Every structure is written in C-alpha cells, then in structure tokens.
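Given next are the chains, with one letter for each unit.
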Amino acid sequence: MTALKSKSVAKPSFPHPGHDHDRCTADAIRHAETVCAGRSQKFTPIRRAVLEALLASHRPLGAYEVIDELAKVTARPAPITVYRALDFLMENGLVHRIESRNAFLACAHDHGEASMVAFLICDRCGSVGEVPATRVAQSLNDAARTTGFVPKLSVVEITGTCAHCHAS
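Residues numbered from 1 in each chain as written. Predicted model: local features only at pLDDT ≥ 70, side-chain atom pairs only at ≥ 80, totals over all residues. Heavy atoms only, no water.

S.K.: Kindly report on the overall build of the protein, identifying the contributing residues and their values.
M.R.: What the protein contains, in helices and strands, is seven helices and five strands. Secondary structure of the protein in N-to-C order comes out as α-α-α-α-α-β-β-β-β-α-β-α. Looking at the protein as a whole, 36% of its 168 residues are labelled buried. Restricting the contact set of the protein to residue pairs at least 6 apart, pairs at least 24 apart contribute 57%. Accessible surface computed for the protein: about 9,900 Å², of which carbon and sulfur atoms make up 54%. (Helix = DSSP H or I, 4+ residues; strand = E, 2+ residues; numbered from the N terminus. Buried < 20%, exposed > 50% of the residue type's maximum accessible area, 1.4 Å probe, protein only. Contact = heavy atoms within 4.5 Å. Areas by Shrake-Rupley, 256 points an atom, 1.4 Å probe, with all protein chains shown as cover.)

Next up, the structure:
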C-alpha cells in the first residue's frame, strides 16, 4: 500500500489539461511493454493498437468506439479481435472496465492486480481518474460476507465534477 500511496501522490488522478500527452502515452506504452515482458506475455500489434486507442484520451471508450478509432488508421478489426485484446489488457492490469459506462479505460498506474481502486468519473468532461480504494472495498466485501454472500468483484465508481471542470 505504501508504494501505491507514493505513486498516487506523484501522479494526479486527473491529468492537467495542458499535460504532455505524447509523453503520457509513451510512458504508458513502455509500462505495458515492461509488464508484458515481465510476465512472458506477447504485446502484439493489435494489443498495442487497442491500448493506444484508449490512451488517445483520458476518457473511457466502448469496444465499438475502439474499433472506430482503429479503423481510422488501419483495416477495421473484427469485434472479437478487439474484445480479445481488451480481455488480455484487463487481465494484465493495463486496462480497467468502467462498468456503469460499459467502457474501457487505459491504466498506467503501477498497482497490483488485487489493488482496489475507485473511479472518479467527471460528468462534465467525461475524464476518469482513479484513486486507491482498498479500505472502502474491504469494508464493502466484509459487509457482503456478513450476509453469507461471497464477493467476486468490487468496483467503486463515483460521479461528480473534476477539479479542472469545477475551477472553470
């Protein structure tokens, strides 16, 4: 958790509107290459292209929006191909699924697979930030277990207004 806290403090939940997006994207791709190499996984061209499409903005995209983005630069991929790439990227912690939007978000944070995060979804600009939520998720899982329910997945999504939109 300490490493997660220090990473969260160094990397804001929402990037500043004027941040160096090319560097942001390049860092995320390098992170993905490192993760895949460390796990002896192949970071194939389609997986890279799907991640790059998600990295094009800090907003979640549906699978068909990813397909539309890819179709701008290459032959339109089959939906199953994109869904398989998204599954791979999620399994390796490189993409999150935003349940309420049925959409996917690139993740360049270096948190563990079991780390719980809360998604902060801006109603105005559509950007999504993430913050550590281990204690919140643990509390919810404990409450569920007291009823005999065995939780499998905890997703915390909070909608509101990001600091950038609130200030403007």
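Read on, since the account is not over.
S.K.: Could you give me a rundown of a nonpolar patch on the surface, with the residues and numbers involved?
M.R.: A cluster of nonpolar side chains, contributed by Tyr64, Ile80 and Tyr83, occupies part of the molecular surface with about 310 Å² of accessible area. For Tyr83, the location among the structural elements is in helix α5 (residues 79–91). Look at Tyr83 and you get partly exposed, because its relative accessible area is 34%. (Patch = residues over 30% accessible without salt bridge, like charges linked within 9 Å, V, L, I, M, F, W, Y side chains within 5 Å. Salt bridge = Lys/Arg side-chain N within 4 Å of Asp/Glu carboxyl O.)

S.K.: If you had to explain the side chain of His96 to someone new, which residues and values would you point to?
M.R.: For His96, the position within the fold is in strand β1 (residues 95–98). Relative accessible area serves as the criterion here: at 12%, His96 is assigned to the buried category.

S.K.: Describe in detail the packing of aromatic side chains, supporting the description with residues and values.
M.R.: Tallying each qualifying case throughout the model produces zero aromatic pairs. Of note, Arg47 hangs over the ring of Phe88, and the distance from its end group to the ring centre comes to 3.6 Å. (Phe/Tyr/Trp six-rings, centres within 6.5 Å; stacked < 30°, edge-to-face > 60°. Lys NZ or Arg CZ within 6 Å of the ring centre and 35° of its normal.)

S.K.: Account for the packing of helix α4 (residues 63–71) against α5, with residues named and values stated.
M.R.: Helix-helix packing is described using two parameters, namely the angle between the two axes and the distance between the axes. Contact geometry of α4 with α5 gives a least axis separation of 10 Å together with a crossing angle of 110°. One way to sum up the angle between α4 and α5 is to call them roughly perpendicular. Contacts from Ala63, Tyr64, Val66, Ile67 and Leu70 of α4 reach α5 at Pro79, Val82, Tyr83 and Leu86. Considered class by class, the residues forming the contact of α4 with α5 number nine nonpolar, no polar and no charged. (Axes fitted to C-alpha atoms, helices over the stretch in contact; angles between N-to-C directions. Parallel < 35°, antiparallel > 145°, perpendicular 65-115°, else oblique. Nonpolar A, V, L, I, M, F, W, Y, C, P; charged D, E, K, R; others polar.)

S.K.: Describe the pattern of salt bridges, naming the residues involved and giving the relevant values.
M.R.: Evaluated as defined, the whole model comprises seven salt bridges. The partner of Lys72 in a salt bridge is Glu69, and the shortest N-O contact between them spans 3.0 Å. The exposed category is assigned to Lys72, whose relative accessible area is 63%. The partly exposed category is assigned to Glu69, whose relative accessible area is 29%. Put simply, Arg23, Asp27 and Arg30 are held in one network by salt bridges that share partners.

S.K.: Which residues make up the sheet that holds strand β3 (residues 117–122), and what values do they have?
M.R.: Read across the open sheet, the three strands follow the order β4-β3-β5; overall the sheet is mixed. Looking at which strands have only one partner, the edges of the open sheet turn out to be β4 (128–132) and β5 (156–160). Across the sheet, the axes of successive neighbouring strands diverge by a mean angle of 25°, strand direction being ignored. Both β3 and β5 contribute to a ladder of five bridges, which runs parallel. Paired with Ile121 across the bridge in β5 is Thr159. (Pairing = 2+ DSSP bridges.)

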